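Below are the chains, spelled out letter by letter.
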Amino acid sequence: MNNKAVQLQHYILNEQKKFPYAKGDFTLLLSDIIIGSKIISREVNKAGLVEILGLTGNENIQGEQVQKLDDYSNDTLINILSQNQSVGGVASEEMADPIYFEDHTEARYCVLFDPLDGSSNIDVNVSIGTIFSIYKLKKDGEITEMDFLRKGREQLASGYILYGSSTMLVFTTGEGVHGFTLDPSLGEFILSHENITIPENSKKIYSVNQANYRFWDENTKKMIDYFTKEAEKPFSSRYIGSLVADFHRNLLYGGIFMYPLDYKLKEKPRGKLRLMYEANPLAMIIEQAGGSATNGKENILDIKPNMIHQREPLYIGNKEYIDIAMKYLNGS
Ligand code: P6P
């Protein structure tokens with residue numbers, strides 16, 4: 001193992017020193033999320049071999065078919081975090097309401113997560129991911145829904161685990177973005193991408209579901225026309241339909257990911273992606289990596305949420321490209 005092979009727990013302990021109020025419980029919380037991701041990774045990687053694929057026949061509150069692995073991932077994270085006394089409660093894409101751990105009288109944090117984003121891709125072996133967001137409770141030992149309805153700017157930490165050709169954890173505690181790759185032979189995450197920053201001289205990637213073109217407003221169409229046809233140096237279009245996979249590629253290569261407000265999703269007038277456990281955690285990461293994220297009107301991290309499952313349009317990536325998108329979206 002080379003001298004750079006920093007194991008995750010050592011790294012978190014070093015990071016934890018940047019949290020004067022944390023009494024090691026923050027380290028334990030991150031470690032619990034990571035244990036959950038290892039368990040999910042194991043199941044995702046063998047999904048094709050055991051009868052865990054296919055639909056449960058249930059629907060989640062988003063009206064989407066729930067894949068068995070969605071349930072499994074959700075239950076795994078809840079089971080682990082419910083045993084952590086520092087966690088006062090959790091909210092998940094898969095659950096209408098948060099779960100409050102009333103007996104955790106010493107609780108100091110709450111966690112929001114999308115347990116398995118991109119799960120519609122499970123059956124075709126496309127990379128999928130877990131996205132998480134950690135907040136400090138407003139008042140230690142007490143938790144209400146208001147603890148979950150926070151601006152993304154207040155996040156203590158955020159990250160994702162990408163279940164792809166390898167399993168990667170990428171997270172930030174507000175001190176830069178760091179990537180760890182799971183060594184399955186050790187069962188440990190090893191530091192592989194320290195201080196990730198989004199490259200400025202990027203491969204000029206734009207990511208959007210172009211098939212929604214007819215459902216966009218005129219300013220959005222003009223913006224997409226820029227990236228598609230008008231940019232001086234042509235862009236490459238890369239879109240795999242799995243947010244974590246698309247985001248991770250653009251984080252490392254540079255580019256812009258877009259999920260505009262579209263009028264196809266009448267029942268989801270604010271776009272498709274969720275603010276609290278998709279846009280906010282990724283926006284914290286992209287800002288720490290030197291990029292930015294907006295809903296087309298304001299910075300994602302400054303949006304005051306009204307509902308835990310609130311949706312927002314999402315534009316995230318290089319500042320240069322976000323500024324161009326904003327110019328078109330606001331008709332200037
Ligand atoms: P569309 C997956 O279902 C997901 O929530 C994200 O992972 C992904 O970015 C998006 O939806 C894809 O949506 O409408 O382009 O298929």
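Conventions we followed
Residues numbered from 1 in each chain as written. Predicted model: local features only at pLDDT ≥ 70, side-chain atom pairs only at ≥ 80, totals over all residues. Heavy atoms only, no water. Helix = DSSP H or I, 4+ residues; strand = E, 2+ residues; numbered from the N terminus. Polar contact = N/O pair within 3.5 Å; in protein donor to acceptor, adjacent residues only side chain to side chain. Near = heavy atom within 4 Å. Areas by Shrake-Rupley, 256 points an atom, 1.4 Å probe, with all protein chains shown as cover. Salt bridge = Lys/Arg side-chain N within 4 Å of Asp/Glu carboxyl O. Buried < 20%, exposed > 50% of the residue type's maximum accessible area, 1.4 Å probe, protein only. Contact = heavy atoms within 4.5 Å. Pairing = 2+ DSSP bridges. Axes fitted to C-alpha atoms, helices over the stretch in contact; angles between N-to-C directions. Parallel < 35°, antiparallel > 145°, perpendicular 65-115°, else oblique. Left-handed = near helix turned anticlockwise from the far one by under 90°.

Enquirer: Is there a simple way to explain the side chain of Thr130 in this structure?
Expert: With respect to the element layout, Thr130 can be found in strand β6 (residues 128–136). For Thr130, the side chain forms a polar contact with the main-chain oxygen of Pro115, separated by 2.6 Å. Among the polar contacts listed, one links the side chain of Thr130 to the side chain of Tyr163, at a separation of 2.8 Å.

Enquirer: Sorry, what's going on with the site of the ligand here?
Expert: Around the ligand, the structure places Asp117, Gly118, Ser120, Asn209, Tyr239, Gly241, Ser242, Leu243, Phe257, Tyr259, Lys272 and Arg274. Between the ligand and Lys272 there is a distance of 3.0 Å, counted from an oxygen atom to a side-chain nitrogen or oxygen. Taken by itself the ligand offers 400 Å² of open surface, and the protein chains cover 84% of this.

Enquirer: What's the story with the pattern of salt bridges in this structure? I'm lost.
Expert: Two side chains with opposite charge may pair up if their charged atoms get near one another. Applying the stated criterion across every chain, the model contains 15 salt bridges. For the salt bridge of Lys229 with Asp225, the shortest nitrogen-to-oxygen distance reads 3.7 Å. You can see Lys229 and its partner Asp225 sitting in helix α4 (residues 218–230), four residues apart, about one turn around the helix. For Lys229, a relative accessible area of 62% corresponds to the exposed category. The buried category is assigned to Asp225, whose relative accessible area is 13%. Look at the salt bridges and you will find they share partners, linking Asp25, Arg108, Lys136 and Asp140 into a network.

Enquirer: Explain the environment of Leu81 to me, please; I cannot follow it from the model alone.
Expert: Mapped onto the elements, Leu81 comes out in helix α3 (residues 68–81). As a C-alpha pair, Leu81 and Cys110 span 29 residues in sequence and 9.6 Å in three-dimensional space. Once you skip the residues sitting within four places of it in the chain, Leu81 turns out to touch Leu29, Asp32, Ile33, Val87, Val90, Phe101, His104, Val111 and Phe113.

Enquirer: Can you walk me through the sheet that holds strand β15 (residues 314–317) in this structure?
Expert: The strands making up a sheet associate through backbone hydrogen bonding, with each pair oriented either parallel or antiparallel. A sheet is described by the order of its strands in space; here five strands give the open sequence β12-β11-β13-β15-β14, paired in mixed fashion. Whereas interior strands pair on both sides, the edge strands pair on one side only; in this sheet they are β12 (236–237) and β14 (292–294). With two bridges joining them, strand β11 (residues 205–207) and β12 adopt parallel strand pairing. Each bridged residue has a counterpart across the sheet, and for Ile205 the counterpart in β12 is Ser236. Packing of helix α6 (residues 275–288) onto the sheet brings it into contact with β14 and β15, and relative to β15 it is tilted by some 25 degrees.

Enquirer: Got a minute to help me understand the packing of α4 against helix α7 (residues 319–329) in this structure?
Expert: When two helices pack together, their arrangement is captured by the angle between the axes and the distance separating the axes. Two elements in contact, α4 and α7, have axes separated by 7 Å at closest approach and are oriented at 140 degrees. When the interaxial angle is binned, α4 and α7 end up oblique. The hand of the α4/α7 crossing is right-handed. Judged by residue contacts, Asn219, Thr220, Lys222, Met223, Tyr226, Phe227 and Glu230 of α4 engage Tyr321, Ile324, Ala325, Tyr328 and Leu329 from α7.

Enquirer: How do you make sense of unusual backbone geometry when you look at a structure like this?
Expert: A negative phi angle is the norm for most residues apart from glycine, just as the trans form is the norm for most peptide bonds. Of note in the backbone geometry, Asn125 takes a positive phi value of approximately 60 degrees without being a glycine. One can find Asn125 in the loop between β5 (109–117) and β6. Residue class for Asn125 comes out exposed when judged on its relative accessible area of 73%. Its identity is not glycine, yet Asn195 carries a phi of approximately 50 degrees, on the positive side. In this structure Asn195 comes out as partly exposed when scored by relative accessible area, which is 47%.

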